[in-house]
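Spelled out, the chains give:
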Amino acid sequence: MLVGSNRLNTNFENCRFTVRTTGRAVIANSGNFTNCDMHTKSTGENSFCIDAKTTSLVRIYGGTFYSYTGTAAKIASVFNIESTETNACIFANNLNCPVVAQSGYTQNYYARTLAGMTVINSIITTLNPSGPSNYIVVNDKVIKNKI
């Protein structure tokens, strides 16, 4: 993990983050991100741009996001909240999560929310969310693939 480890007031603007690994790929657990691009890729584990924790508050304002895994049994999701992270919160606005094929890798979800709350306002993607519907609110989804 690169940034924002349980630091609620960490701010990033106009940044580009990339994580490529054989292990678990995560960029941040918390923080504020404005017009940032995030790209995670793991050959053997789960891959999440944001993996929010119960102590986390994540705010996203714009940006383009990609998450890939090279293992069929693992998950690639732009946003993730595990079932044990009951108080985690992700608020995201104006996102682009395009699907771009990469040989040997898959993209699964734009949000995997198993607890806590993910709220997304305005997203462009052909990806779907994962998890119980009472943990995720999505307003204004445009089902297009824009690179």
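Note that the coordinates shown come from a computational prediction; the quantities given were computed from them, not determined experimentally.

Caption draft 1: Local environment of the overall build of the chain. The secondary structure content of the chain amounts to zero helices and 14 strands. When the backbone C-alpha atoms are referred to their principal axes, the chain occupies close to 35 × 30 × 30 Å. The buried share among the 147 residues of the chain stands at 47%. If you take every contact in the chain between residues at least 6 apart in sequence, the share linking residues at least 24 apart comes to 57%. Working note: accessible area of the chain is about 6,800 Å², and carbon and sulfur atoms make up 48% of it.

Caption draft 2: Just the state of the cysteines, in detail. This model, assessed by the stated rule, comprises zero disulfides. Take Cys-36: it sits in no disulfide, and the sulfur closest to it among the cysteines is that of Cys-15, at 4.3 Å. No disulfide involves Cys-89; its sulfur sits 19 Å from that of Cys-97, the nearest cysteine.

Caption draft 3: Just the pattern of salt bridges, in detail. Under the counting rule described, the total for this entry stands at four salt bridges. Two residues, Arg-24 and Asp-51, come together in a salt bridge whose shortest N-O distance is 2.4 Å. Taken together, the positions of Arg-24 in the loop between β2 (16–21) and β3 (25–28) and Asp-51 in strand β6 (residues 47–52) put the pair 27 residues apart, joining distant regions of the chain. Of the charged contacts in the structure, one is a salt bridge between Asp-51 and Lys-53, with a shortest N-O distance of 3.2 Å. Note on Lys-53: relative accessible area 23%, which makes it partly exposed. Salt bridges sharing partners connect three or more residues here, namely Arg-24, Asp-51 and Lys-53.

Caption draft 4: Expanded view of the environment of Thr-10. Relative to the helices and strands, Thr-10 resides in the segment before β1 (11–13). For the pair Thr-10 and Asn-32, spaced 22 residues apart in the sequence, the C-alpha separation amounts to 6.1 Å.

Caption draft 5: A look at the packing of aromatic side chains. Evaluation of the coordinates by the stated rule reveals four aromatic pairs. Where Phe-65 meets Phe-79, the ring centres are 6.0 Å apart and the plane angle is 50°; that geometry is what we call tilted. One end of the pair, Phe-65, is in strand β8 (residues 65–69); the other, Phe-79, is in strand β9 (residues 76–81), with 14 residues separating them in the sequence. Like Phe-65, the residue Phe-79 is buried in the burial classification. An aromatic cluster is built from Phe-12, Phe-17 and Phe-33, whose rings are joined through pairwise contacts. Taking NZ or CZ as reference, Lys-41 lies 4.6 Å from the ring centre of Tyr-105, over its face.

The rules behind each value
Residues numbered from 1 in each chain as written. Predicted model: local features only at pLDDT ≥ 70, side-chain atom pairs only at ≥ 80, totals over all residues. Heavy atoms only, no water. Helix = DSSP H or I, 4+ residues; strand = E, 2+ residues; numbered from the N terminus. Buried < 20%, exposed > 50% of the residue type's maximum accessible area, 1.4 Å probe, protein only. Contact = heavy atoms within 4.5 Å. Areas by Shrake-Rupley, 256 points an atom, 1.4 Å probe, with all protein chains shown as cover. Disulfide = S-S within 2.5 Å. Salt bridge = Lys/Arg side-chain N within 4 Å of Asp/Glu carboxyl O. Phe/Tyr/Trp six-rings, centres within 6.5 Å; stacked < 30°, edge-to-face > 60°. Lys NZ or Arg CZ within 6 Å of the ring centre and 35° of its normal.

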